[in-house]
Amino acid sequence: MAAVGVHHPKEDAEFDFVLAHVDGPVLAYFWGVWAAACKDLEPVIKDVARAYAGRVAVVRTDIVRCPGATARYGVLGAPTFVLVLDGEAVATTTEATDGAGVRAFLDARLRPVGDS
């Protein structure tokens, strides 16, 4: 699993590098600097990365700087969350607009701690 914290790729190649080196699921958070909802989610993303460390890696992906990843996962706006496993999207939501929503999205899809 990747280091605790939020990865901030600056381009598609860096996004792909992070995904290639993470063993397990990745929460790709697609955001836009212009979107007020994304600004409100910044502290939430950091908290989620800490709370789910060891269970999911978090990648904050700028939809302008990473257009290939944005297109690959069918992202049409910000904020969008995509749960990625082995390079494939396994779940997507645009409805997680606060901490409870992001946690509910993850909790419904990740194994509980201690399960194999």
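Note that the structure is predicted; figures quoted are calculated from it, not measured.

Cut-offs and rules
- Residues numbered from 1 in each chain as written.
- Predicted model: local features only at pLDDT ≥ 70, side-chain atom pairs only at ≥ 80, totals over all residues.
- Heavy atoms only, no water.
- Buried < 20%, exposed > 50% of the residue type's maximum accessible area, 1.4 Å probe, protein only.
- Helix = DSSP H or I, 4+ residues; strand = E, 2+ residues; numbered from the N terminus.
- Arc of directions from axis to C-beta.
- Contact = heavy atoms within 4.5 Å.
- Lys, Arg positive; Asp, Glu negative; His and termini not counted.
- Salt bridge = Lys/Arg side-chain N within 4 Å of Asp/Glu carboxyl O.
- Axes fitted to C-alpha atoms, helices over the stretch in contact; angles between N-to-C directions.
- Left-handed = near helix turned anticlockwise from the far one by under 90°.
- Nonpolar A, V, L, I, M, F, W, Y, C, P; charged D, E, K, R; others polar.
- Pairing = 2+ DSSP bridges.

What follows deals with helix 1 (residues 12–20). Taken as a whole, helix 1 has its buried residues at Asp12, Phe15, Val18 and Leu19. Projected onto a plane normal to the axis of helix 1, the buried residues spread over an arc of 125° and lie on a single side. Residues of helix 1 that are exposed and angled more than 90 degrees away from the buried face: Phe17 and Ala20. Packed against the buried residues of helix 1 are strand 1 (6–7), strand 2 (26–31), strand 3 (57–62), helix 3 (67–72) and strand 4 (80–85).

Attention now moves to the side chain of Asp12. Note on placement: Asp12 falls in helix 1. In this structure, Asp12 is buried with no salt-bridge partner, the nearest side chain bearing the opposite charge being Arg72 at 5.2 Å. Not counting chain neighbours up to four residues away, the residues in contact with Asp12 comprise Arg65, Cys66, Pro67, Gly68 and Ala69.

Another aspect to go through is the packing of helix 2 (residues 36–51) against helix 4 (residues 99–107). Viewed as axis vectors pointing N to C, helix 2 and helix 4 meet at an angle of 40°, and their least axial separation amounts to 9 Å. Crossing of helix 2 over helix 4 shows right-handed handedness. For the pair helix 2 and helix 4, the contacting residues are Leu41, Val44, Asp47, Val48 and Ala51 in the first and Gly99, Val102, Arg103 and Leu106 in the second. Broken down by class, the residue content of the contact of helix 2 with helix 4 amounts to 6 nonpolar, 1 polar and 2 charged.

On to the pairing of strand 4, then. Across the 6 residues of strand 4, 5 count as buried, placing the element largely inside the fold. Note that strand 2 and strand 4 share 5 bridges and pair antiparallel. Residue pairing across strands places Leu27 opposite Leu83, the latter belonging to strand 4. In this structure, strand 4 lies alongside strand 5 (residues 88–93), joined through 5 bridges in antiparallel fashion. Residue pairing in the sheet places Val82 in a bridge with Thr92 of strand 5. Counting the residues between successive antiparallel strands, the hairpin from strand 4 to strand 5 contains 2 residues, one of them, Asp86, with a positive phi of roughly 55°.

What follows is about the sheet that holds strand 4. The mixed open sheet is built from 5 strands, whose spatial order is 1-3-2-4-5. Two strands in the sheet have a free side with no partner beyond their single neighbour: strand 1 and strand 5. Taken strand by strand, helix 1 contacts strand 1, strand 2, strand 3 and strand 4, and its axis lies near 170° from that of strand 3. Strand contacts of helix 2: strand 1, strand 2, strand 3 and strand 4, with the helix running at about 165° to strand 2, the strand carrying the most contacts.

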